[in-house]
Structures are given as structure tokens and as C-alpha cells.
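The lines below spell out each chain.
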Amino acid sequence: MPELVSHPEEVKVISRRWGQGAADIDKYIELGGYAALRKCIEQGPEWVINEMKTSGLRGRGGAGFPTGMKWSFVPKQSEKPKYVLVNGDESEPGTCKDHLIFLHDPHSVIEGTMIAGLAIGAKVGFIYLRGEYRYLIEIMERALAQCYERGILGKNIFGTGFDFDALSHTGAGAYEVGEESALMESLEGKRGVPRIKPPFPAVVGLYGGPTVINNAETIASVPFIIEMGGAAYAKLGTERNGGTRLFGISGKVNRPGVYELPMGYNLKKMIYEVAGGIPNGKALKAVVPGGASCPILRADEIDVGMDFDQMGKAGTMLGSAGVVVLDETVSIVEFALRTIKFYQHESCGWCIPCREGTDWLKKTMTRFYEGYGTTKDIDNMRYLAENMLGRTFCPLGDAAAMPMIGFFKKFRDEFEEYIRANPSAPESQALVELVGA
Amino acid sequence: MADVNLTVDGKKVTVPAGTLLIEACRAAGIEVPAFCYYPGLSLCGACRMCMVRIEKMPKLQTACTTPVGEGMTVHTETPEIAQARKATVELLLGNHPLDCPVCDAGGECELQDMTFKYGAPTSQYVEIKQHREEQQWSPVVYFDRPRCIMCYRCVRVCGEGMDVWALGVQNRGAGSVIAPNRQDHLDCEECGMCIDICPVGALTSDTYRYKTRPWEMNHVATVCTHCGDGCKTTLGVRRADDGMEIVRGDNRDKSGINEDFLCIKGRYAFDFANHPDRLTKPLIRQADGSFATATWEQALELAAKKLKEVRDTKGPDAIGVIGSNRTTNEENYLLQKFARTVLGTNNIDHHRTADYVSFVRALAGKADRAASLRDAGTAPAILLLGNDPTEQHPALAWALRTNVRLNKAKLFLVNTSDIKLRRQAKAFLHIPEGGYADAVRFLGSNDANFHGIEGAADFRDALRAEPKLLILFGSEFRGHDIDALVSFGLSLPDARFACLADYANSRGAADMGLLPDLLPGYRPVAAPGPFAEEYPNLPQKPGKDLIEMFDAAERGELGALYVVGANPVERYNVDPASLKNTFVIVQEMFLTETAQIADVVLPAANLYEKGGSVTNNYGDLQLVKKAGDRAGVRSDLELIVRIADRMGAKPQQLVPFGRGLRADTGQSRGAQSGEADRHSIWLASRQIEPKVSPFDPYAVLDEIARLVPGYDVERMNLLAGNDVRTKLVSIEPAASTTRRDLVLPAQDALFTSGTLGRYSAKLAEVHESHRKSPAEAAAD
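Note that the structure is predicted; figures quoted are calculated from it, not measured.

Rules behind the numbers
- Note on numbering: residues in each chain are counted from 1, in written sequence order.
- Key to labels: chains lettered from A, ligands numbered from 1, both in the order written.
- Local features are withheld for residues below a pLDDT of 70 in this predicted model, meaning they are given only at 70 or higher, and side-chain atom pairs are given and counted only at 80 or more; totals for whole chains, interfaces and linings count all residues.
- Put plainly, a residue is buried at 20 or more neighbouring C-beta atoms within 10 Å of its own, exposed at 12 or fewer, and partly exposed in between, counting only other residues' C-beta atoms, which are placed from the backbone.
- Secondary structure follows DSSP: runs of H or I at least 4 residues long count as helices, runs of E at least 2 residues long count as strands, and numbering of each begins at the N terminus.
- Picture the helix axis, draw a direction to every C-beta atom, and the arc is the one those directions span.
- In this scheme, strands are said to pair when DSSP sees at least two bridges between them.
- As used throughout, domain bounds are those supplied by an automatic or database domain assignment.
- Orientation is described by axes fitted as lines to C-alpha atoms, over the contacting stretch for helices, and by angles from 0 to 180 degrees between their N-to-C directions.
- The span expected for a helix works out to 1.5 Å for each residue beyond the first.
- Contact between two residues is assigned when their C-beta atoms, built from the backbone, lie within 7 Å.
- Geometric relationships in this document are graded by angle, where less than 35 degrees denotes roughly parallel, more than 145 denotes roughly antiparallel, 65 to 115 denotes roughly perpendicular, and other angles denote oblique.
- Note on convention: near helix rotated counterclockwise from far helix by under a right angle means a left-handed crossing. Clockwise means right-handed.
- Residues were grouped as follows: Ala, Val, Leu, Ile, Met, Phe, Trp, Tyr, Cys and Pro as nonpolar; Asp, Glu, Lys and Arg as charged; and all remaining residues, including Gly, as polar.
- The predictor attaches a confidence to each residue, called pLDDT, with possible values from 0 through 100.
- For the purposes of this analysis, a nonpolar core is taken to be any set of buried Ala, Val, Leu, Ile, Met, Phe, Trp, Tyr and Cys residues that are connected through C-beta atoms within 7 Å.

Colleague: Looking at this structure, how should I read helix α27 (residues 761–770) of chain B?
Modeller: Since the α-helix packs 3.6 residues into each turn, any two residues three or four apart lie on the same face. Among all positions in α27 of chain B, only Lys762, Leu763, Val766 and His767 of chain B are buried. Within α27 of chain B, the buried residues cover an arc of 135 degrees as seen down the axis, which keeps them to one side.

Colleague: Where do I start with the pairing of strand β1 (residues 3–8) of chain B in this structure?
Modeller: All names here are of chain B. Note: β1 against strand β2 (residues 11–16), six bridges, orientation antiparallel. Across the sheet, residue Asn5 finds its bridge partner in β2, namely Thr14. With three bridges connecting them, β1 and strand β5 (residues 72–75) associate as parallel partners. From the neighbouring strand, Thr7 faces β5, where its bridge partner is Thr73.

Colleague: Just to check I follow, could you spell out the domain arrangement of chain B for this structure?
Modeller: A common way to report how large an interface is uses the accessible area buried once the components associate. Under the domain assignment, chain B is made up of domain 1 (3–77), domain 2 (92–205), domain 3 (286–354 + 506–663 + 696–731) and domain 4 (356–368 + 382–500). Using only C-alpha atoms to locate each centre, domain 2 of chain B and domain 3 of chain B end up separated by 47 Å.

Colleague: Which parts of the structure should I look at to understand unusual backbone geometry?
Modeller: Lys197 of chain A connects to Pro198 of chain A through a cis peptide bond whose omega is -5 degrees. Within the secondary structure layout, Pro198 of chain A lies in the loop between α8 (180–187) and β5 (211–215). Despite not being glycine, Met150 of chain B has its phi angle at roughly 55 degrees, a positive value. Relative to the elements of secondary structure, Met150 of chain B occurs in the loop between β7 (141–143) and α4 (153–161). Positioned with a positive phi, Asn387 of chain B is a non-glycine residue whose angle comes to about 65 degrees. Its place among the elements puts Asn387 of chain B in the loop between β18 (381–385) and α11 (389–392).

Colleague: Can you help me understand the pairing of strand β29 (residues 620–624) of chain B in this one?
Modeller: Note on strand geometry: in a regular strand, side chains alternate between the two faces of the sheet. All names here are of chain B. Most of β29 is tucked away, with five of its five residues classed as buried. On β29, burial covers both faces: Asp620, Gln622 and Val624 on one face and Leu621 and Leu623 on the other are all buried. The loop that links strand β28 (residues 612–615) with its antiparallel partner β29 comprises four residues; one of these, Gly619, has a positive phi angle of about 85 degrees. Summarising the sheet, β29 and strand β30 (residues 724–725) pair through two bridges and their orientation is antiparallel. Counterpart to Asp620 in the pairing with β30 is Arg725.

Colleague: Teacher, can you tell me more about the sheet that holds strand β11 (residues 218–223) of chain B here?
Modeller: The pairing of strands in a sheet comes from backbone hydrogen bonds and takes either a parallel or an antiparallel form. Residue and element names in this part refer to chain B. Pairing is antiparallel across the open sheet formed by three strands, whose spatial order is β11-β12-β13. A strand with exactly one partner marks an edge of an open sheet, and here the two such strands are β11 and β13 (243–250). Averaged over all pairs of adjacent strands, the angle between their axes in this sheet comes to 40 degrees, without regard to strand direction. With six bridges joining them, β11 and strand β12 (residues 232–240) adopt antiparallel strand pairing. Opposite Ala221, over in β12, you have Thr234 as the bridge partner.

Colleague: Just checking my understanding: could you explain helix α15 (residues 479–490) of chain B for this structure?
Modeller: Residue and element names in this part refer to chain B. Compared with the 16 Å implied by 1.5 Å per residue over 12 residues, the 17 Å span of α15 between its first and last C-alpha is a close match. Along α15, the positions that sit buried rather than exposed are Asp481, Ile482, Ala484, Leu485, Val486, Phe488 and Gly489. On the buried face of α15, the contacting elements are α9 (356–362), β18, α13 (436–444), β21 (469–473) and β22 (496–499).

Colleague: Looking at this structure, I do not really get the packing of helix α14 (residues 352–372) of chain A against helix α2 (residues 79–95) of chain B. What am I missing?
Modeller: In a packed pair of helices, the relevant descriptors are the angle between the two axes and the axis-to-axis distance. Where α14 of chain A contacts α2 of chain B, the two axes come as close as 9 Å, and the packing angle between them is 60 degrees. Judged by the inter-axis angle, α14 of chain A sits oblique to α2 of chain B. Crossing of α14 of chain A over α2 of chain B shows left-handed handedness. Contacts between α14 of chain A and α2 of chain B involve Ile352, Pro353, Glu356, Gly357 and Trp360 of chain A from the former and Thr88, Leu91, Leu92, Gly94 and Asn95 of chain B from the latter. For the contact of α14 of chain A with α2 of chain B, the per-class residue count stands at five nonpolar, four polar and one charged.

Colleague: How should I be thinking about the confidence of the model for chain B in this particular structure?
Modeller: Low-pLDDT portions of the prediction should not be read for the details of their coordinates. All names here are of chain B. Scored by pLDDT, chain B has a mean of 91; 93% of the residues are at 70 or more. In this model residues 661–676 is a low-confidence stretch, pLDDT under 50, and it forms 11 contacts with partners more than four residues away in sequence or in other chains. Two numbers describe this predicted complex: its pTM, 0.93, and its ipTM, 0.93.

Colleague: What is the right way to read the interface of chain B and chain A from this model?
Modeller: In this complex, chain B contributes 25 residues to the contact, which on the side of chain A involves 27 residues. Its residues placed into classes, the side of chain B that touches chain A shows 13 nonpolar, eight polar and four charged.

Colleague: What should I look at first to understand the nonpolar core in this one?
Modeller: Buried together is how nonpolar side chains tend to be arranged in soluble globular proteins. Counting residues in hydrophobic clusters, the biggest one holds 377 residues, and the most contacted among them are Ile115, Met270, Val287 and Met404 of chain A together with Ala46, Cys158 and Ile382 of chain B. Residue contributions to this core peak at nine residues, all from helix α16 (residues 395–410) of chain A. Look past the residues within four positions of Met270 of chain A in its chain and what remains in contact with it is Phe247, Ile249, Leu261, Tyr265, Ala275, Met306 and Val323 of chain A.

Colleague: Just to check I follow, could you spell out the sheet that holds strand β10 (residues 203–205) of chain B for this structure?
Modeller: Residue and element names in this part refer to chain B. Spatially, β6-β7-β10 is the arrangement adopted by the three strands of the open sheet, whose pairing is antiparallel. Of all strands in the sheet, those bounded by a partner on one side alone are β6 (135–136) and β10. Relative to β10, β7 is paired through three bridges, and the arrangement is antiparallel. Counted as the bridge partner of Tyr142 is Thr204 from β10.

Colleague: It is not clear to me how the domain arrangement of chain A should be interpreted in this structure. Could you clarify?
Modeller: Residue and element names in this part refer to chain A. In terms of domains, chain A is made up of domain 1 (25–228), domain 2 (244–327) and domain 3 (332–435). Of the residues lining the interface, nine residues belong to domain 1; the matching set on domain 3 comes to eight residues. Classifying every residue of the side of domain 1 that touches domain 3 by side-chain character gives six nonpolar, one polar and two charged.

Shown next as C-alpha cells:
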């Protein structure tokens, strides 16, 4: 079990029960669990959706769509069954928050799922876990079994007449399946490629029924919001960015880990105070603020609040709040190669710009890294990435293009220096002639 | 649905709500390019070529997945869009082999067209292209993997269109490949739709690959010679030593009655035309029993002399004539006219594969109730009794599947076998062998039970609730069963009917009067109507049917038998010895079982080597066009005229050539061939095209249009290559009711096609490859 970190600056909401054995239902109930569900059953769906809207909770998967609004899009009447779907396919590089929720507080996910189900009128929820999280599957299965034993899942829950079933399902190892519609395809047993939108899942989702699909952290936040009230939760964060967020800080920091901090928390403070600064007195070079797909920030750009809107203004994204810290020893060229390798490997191949674009970026980047690059390659790669951006079927293409464009834009000099420092082989001259100087 | 107004490139367009933007653009005459979009198949949005700018939208949008919105303003060609498309083409070319000079698709490749339009003249990439070995997936399908651009059209047409699901996608990302779902081969119907629909040269056919270039061929749109659906097929024809060689059959002309579809036979089974066993010289039986080649003069003279001799000595009824269900209407019409007016006998018949006589009689006076093949694609509900269209009428099966898939049509099946279309059926009545008569009686009655078959009453109730039911039935239905079925159908408000036979012109053969008791248009020979004046000395007594002719031959009463394009010896299992006293004349492509016992064999052209018209199972009339000349053969039409001529008959009386206005065929037509064609179509449409030769099928078509009820069709439409409806005649052919059942189904399946099919090497190869070995069969 990974070690938990802690810092006085933290505001523990969603991580409140971590490290206390709340994976067991008795402990969970002892710590106040399933009270929010009771309250919701008493108050009814409309009240729940209103609380969610008031809370200002925005999707924690990365897109930041207001959760209450998403729930309100689900039609009240539907011929087909409605579903709640929990996206636990956490796979964005630099992100490791959801697995801690599943590990320490799986019942909060189950409770959140049930509340979402109550709010939209669904009777079934699916909790989709990333395939690589093998060790979490047992924990989730046990939690679900306990709920059924206690009558918290199943028919006539708490004797209120509310019925709900929840099931867990695991992926087979594809980043793409983290995209909501690809996840539905995967859950239905098909090839994990995204669907055409519209229709959006709220209208036509899993098995064709109206579906609310939320990130695991979003869903896990729900019981806490109900417990403390939407308004109180909203106040924890900044305007239009309610509540707290699990920030996963990794890379060149003294105390890496997942910290729960208010939305809008200053990035510089997060790195230097919460995470303890850069080890060995090295200088900061850059930060990837929200998982690998977010454009990189230079060291001089990090004095910014970590919420969806401020990050957008800074030219990047809050994403999944996986903060990756790079110090002066890190080569941006190598980092860029690692990044594009990931996206090339994970492109599902459905559409041309992503399938071919990530592949050519990786091929060119690999050669560049091996010392056979030219300045024309930098231009070519930037041209390629810019022509992928906004043109792909799903956001994976953007996720690959955005960081690459960021590297070329902000660290072009480092790429150029890399060529000069690696006059590797006599062949590179022939290459220059072929590619162009 | 309500209409939506939008503006595309400054043009105002109004289309129904729900229309896809790409289709709305097409409606405005603006072609938005796309690789993956294909009308009728599920949407993909994968190729990103159809990106357009919609005002007030932040990003470029794919026109193929965006439904139109009221007031939308769309731009389809801006520098931004051109750049996006260029970048996509660049990416595709990155791994695409530039083997265009040898690629089958070179010259008709959508990737080439897009490169030409948007320009991707330089490559940004120096890395080696991803190469993969070519694969052969079936006797006809090859896959050149590096050429594939992953548009998924093949996967979708095979699954959604054909309901075969033989293709899928393997791996992911840049490693994605289209692959058969069953190990390394396609477990499929070999329709070749995947090849047809491929925008590039990734999928190629065994019959065509690396043979020629598209621009070296003539493309002749004609009608397939195989089953009774009458699909339009475009033949790619090349010059060859002996005249012409058909190198390709495809469906590039999607305007046909088959629309998007063509099956294996239309696509690959043309190779019989160049089969090495093809007869190209007339044969005459020698005294020692062997054949010797002869000149046309000798052979025609002998045939004419013998027919004249028998007619004049033994009487006209000592001659029998057997026609074909693969020759043109003009030939069939002429053959019966020849038999009735020159030979003077009604002894004429053909191999019947459906009971059209009963069908016409049952629908007498209800011409509007006869269905076209096109109705199968549009009717809201269909009842199919008997037959297995997947095997026997692939285009009908396609139309039914498409109708169910896209229009949610309701398909009701009554069958003794668990046929594949059951998967599309809303209800399936599985009846015991030989149970059709009972089934029809049940439909028309009010019995609660039908041999205890569960759901039968519900099935009947559901049918009775259908206001516009299309009723299709196979050769299982004959005589009074057809009466019963039609009377059930007529009890519904607006039911339509079609009777399914087996060959390209089975319907035409019956319509043209290749029947011993009925004239063209099913007029009884005893009540000939206008034919009494048109046909001099028309015999009034019904003649012998096919079986009676052979019985007469056995008794030594048949002096001569004239067989045109048929193989009754094999089909009816005739003892060759029974014909020893009969002089047999056969017009054939091959030395068939019937030709082998002939005294004179005349090498005939096939349907691809002549002009004329054919009528499909549904009464849809279409023109067949001559793909090219072939040395050593003559059309059946010409041979009939030449024999008649040598017998002393006046060709003008048989073929009304020389009529019409003598148009100036010289200067006024202009030098451009296209202009000449238009001119001749115009002339022909007004029936003032001069028919200068007695071998001109259009001269016969004029007479058919004039005399055969229902065939007075709009000529312009026919000449333009469209299918036109013949109108079912309303004369009651009473005389036929006493006839015995003469229907003999062809028993052809997807990979067989009667005698002709045996001479198609490709069809035979596929047929063989699909026969399971005992081990494979056991494993299933």
C-alpha cells in the first residue's frame, strides 16, 4: 500500500477517511458513511441536483464540466434504462488520485454512484476500473459484496423502496477507454473506440440508455457535498471552481504524493511549500500542471492559481491535476519523446490525424533524440502537431498535440541546442540534405 | 419532418431536418470530400476529410456527422479547410506506397483525387514506410495492407450491408489493420462489395488485379446474365486477339436497379465468355457420327434445308422449338414468331423456373399490383414465401436487408428452411417440408391452428394489419397455390406481388410467348387478337410443350428440333437415343449435353456480346448493351433471321427493319462521338431511328412495343440505361389452366449458375473452395 502524505495546508474532504480502514463497510459507516445517501433518499432527486449545482463541482476527469448540470441533462422519462457510470480508468500520465480513493475509500464511490442514480432515476451503476489496477478490483468487489450483505445495494434500500444495483468492470489496458464513449464501447464488450457525438451520453449512452458518466473523484466527492451542503463545499474553492481537488505531485520534488487542496491553490506554493521544493538545490525548469496532455509551463509561469479558469488563462489546463515537476537536469527533448511515445502507443487508430500523426511524431522524435535531428524536423513536428490539434475524432489527438506544441513553442532553443550538442554521426549531414536544414 | 434552411458557401439550401450536412451540401451541388462516409452505412467520422467551417462553432466540424441546423452558415472550401485536408492527405501518404503506376486503383483512386485537389507534393518524413505483406483472403479477394487508409467501408459494408461480418479491425493505433474475422480467410459470400467500396487499391480482385489500366478499357453498362434480379453490371472490356476480353465486372454505375449492390456472379462470373471450350466455328454431324467444322454458309444452309424439308414433308407440327431464358426479349420474340409464322407450329417452349402463366392469370386486371425489384427496397412490410434470396437472388436479399436496416421495414418469412434472411425477419414461420400449400390456405382462412406451429395465428394477424404488403414467392408456388396466395394478398388494401424465377430473362421468355399455348403477352393462340392480322397463317391449335416434344421424338414423330440457348438434354435428363430420328439444330456457346447430340451446332453470342433487352423477375425492362464483338460467333437474333431467310421467308416480315425516318446519318451528327450518341438516342426515343439491318434488335423491340401488351414503355428512359416497368397484361390466359405443372427450379445457389456457371472458371473455383472438407464440416 503506497504511503500517504500529508500537509497542514491540506483541506481534507474527500481524503478524510484515508488511512483509517474505511474500505471496510463497518468502519465506513462508523465514520459517517451512507448517511448522505439516506438524506438524499429523503430529500429526493431535485434537491440532490440543486445541491450539486450549488456546490460548483466540476468534472475531475479533466474537462471540468459542471457535474450538477450534466446530471440535469438526463431526460426524466426514458424508454430505455438509465445508467450511472463511474470512470475509474485513470491512466493520464502523472495522475494517481483515483487509485487512492479506490484503495482507501471505495464506499464513497459506491455511495456517490447511488446518489447519482437516485438523482437521474437510474437503477444500475457500473464502476469501471482501470485494467492495470488489479489489486483494487478485489477491494471494490468486497465493498460491493458488503453493501449487498447489508442491504445497502439491492432492492428496497433502507426500507425506502429505493432499488439500486452496482457492478464493477475492468478495462483491458487502453488509455483511450478513459474517453467516456470509448469506455462505454469497452463496457459493452466492443473495441474501445470513441463514439460520434452528439448524441451525448446523457441522452444516448451505455446500451443506448441515458447515462451519467463521471470521473471516480467526482463521484466520490458527492457524498461529502451532500453531507456538508453544496454552498459550504463551493466556498472551499474559488469562483465557479467549487471545493477541493486531489493534486498528484510527482517528479523532482522532495515530498511527492497526492494532496487535497482547495481549488485555485497557487501552483508555486504547491511545489515549494506543500511538496517541499526541488531536491538537491536544483533549479526548476518547467511544470506540467494537469497530466501529460497539458501544455507545459516554464518556471517563470507558475505563479498561478490551480483552477480550471486560471489555468486556461495561463495557456494550459488543470486537467486531471497531476502536477509533474521538471528540474534543470531534465531534458525537454527526452521528456517530449517520452510523452509522444505514450500517446503513439495509446492512440486507438480510429481517425487518421491521431493514428498517423502520433506515429510520425514519435518516429521523428525518436530519430531526433538519437542525434539525427535537424532544425527542419522541429518545424515539421510543430506543423504536424498543429495540424492534429482540433481535427481528431476524440480528445486523444489533442492530448498528444497540445504538449508537443508547448515543448516546441517554449523550449525550441533547447531542441536547437540538442542538435548542436549531438553532431552524432556523419550520416546526419545526408539527413540534413534530405529533410532540409 | 420539418425543413431546415441553411447557407452553404453562400447558397441557400433547404433540406429536411435531420439531414446530414454532407448530404445537404450535395443537395446544393457542393461535393464535400470524404473517405469514410458512405451513404447508407453507419457513420464513422474517422477520415476527417469532410471538415467544414460552421459559423459560431469553435473548431472545424465533420460534415458527415453533423446534422443540419436552422440558420447554419457553412463554408466548405476555405484556406483553413484546404490546409486541414492537405495535412490529412500528407499523413495518409506518409505510409501509403506510391505504387500508383501499377496499382489497380490508379486512375480511379479517391486518395489520388484528393492529393490532386489539395496537393501534398512534398513529404515531411524520412522514416521508412510501414510495410506489410500482401494477403490473399479468398479465391477472389486480395488485401494489399500498406495501401489501406482505414476508412472501414469494407468492414461496414460486409457487416451492415451483407450481414456477413467477415471483416474486422485488429491491433490499435498505427498498427491497426483490417483483417478477416476468421483466422486468415474470409468466411463469406464472395460478393466483392469490399473491393468495390474500397476508395483506394487496398482490396483487389483476383480476376482483375494487375491486368490492365482503367483507361485502357471500355466501360459497358449492361445487365448481368445470371439470375433473375437483373442487376446492372459495368463490364470493363479490352481488345483481344479474338475480338474482346471482359476483364472486369463492377458496379461503378450505381444507377442500376441493384443500386449499390453486385454479387459474385455479376462481378466475376463473366469469364465463360473467354472459356477455351467456346465454340467459334459451326459444326456439322458427319456420316460417321463425328463433328466436323463447317462454314457458316454450309451450316445455315443445312439447318434451313432440313427445317424446310420437315415442315414441307412431315408437316409443321413435326418440328419443335426450344428457347432460352438467357437470350434477349427480341430474340425470344423473334424465335416464337419464326416458329409460328415461318415453321407454322406452336410447338415452342422453354425451361420454366417459375409459374408466370399462373401468376399473370391470378393477377389479371390488377396490373398495378405487380411489384418492381425497387419495391423490395422501399416497401414498409414484406412477406417472402419460399425461396432463399441470399443464395438465389442476392440483389433482392440486399434490398430486403437494406430496407429493414435503414427503413425499419418488417420482413415476414415463411420457409421450410432456416434461411439467412431470418436474421432480419420480424417473424418467421418455419413450416414443414412441402407445407407451402397448407401455409397459404392457413393465411387465407380463419383456422386458429396451423399444424400446431406456434405463433402462426399471430403471424397471420400481423400480416393482415399491413396496408402495403409486398408479397414475394419462389418457384415453390405454382398453379392454384399462386391463386390462393394472390387472393389472400388481394384481401389486403394495397398488397403487391412478385414471382421469383431463376434466370436473367426467365420472365422475358414467358412474356415473349415461348409457350406452346400462349402468344406474346400471354394471349391464347386460339384468341390471337391483333396477332391474327400480324402473323400470317398463325396456327390456332396449342402446340407441344417441352416434355411432349421429347415424347414425340421418342415415338419418332419429331422430325426436327431447333434449340436456341438451352440445354434440355441435361436439364430434363433426356435419353439422347430418343432423338436419333430427329434432326437437331442447336445454337450454343459450348458443346453442352444438348449440343453434343446435335446435327448442326451454330456458335452463338452470349448476353454480353449483343444488344437488346431483358425483363427481370419483377417485370422491370432493361437494355443490354454489346460489350464488344467476338470473332466466330453470331447473335441468336441474326441466326434466326438467316435461317428464315434461307428457308425462303422474307426477313422484312420477321423483322420490321427499314421503317422509321431516314435521318441524315452523316454530317449532322457531328464529329464528336458523344454528340452522335445523343443524337441517336434522341432519334431512337422518337422511334425514328432508321433500322437499316434485319439484325437490329431495336427493330424487333419496336414490334414488341407495338404488339405485346405492357411493353409499350417509355423508350427514352430505357435507352438512357434505366429500368422501366412493363405493365402486367390483363388478358386472362384461360387456356393454360389445363396444362400440367412444367416448372423445374434451377436449384442454383450462390456459386452456381446453370450450364453457364459450369463454364465460369472463377465461379467453379469459388464453389469448390467453399465446399467443406469432411474434417472442417465435423469441426463446425
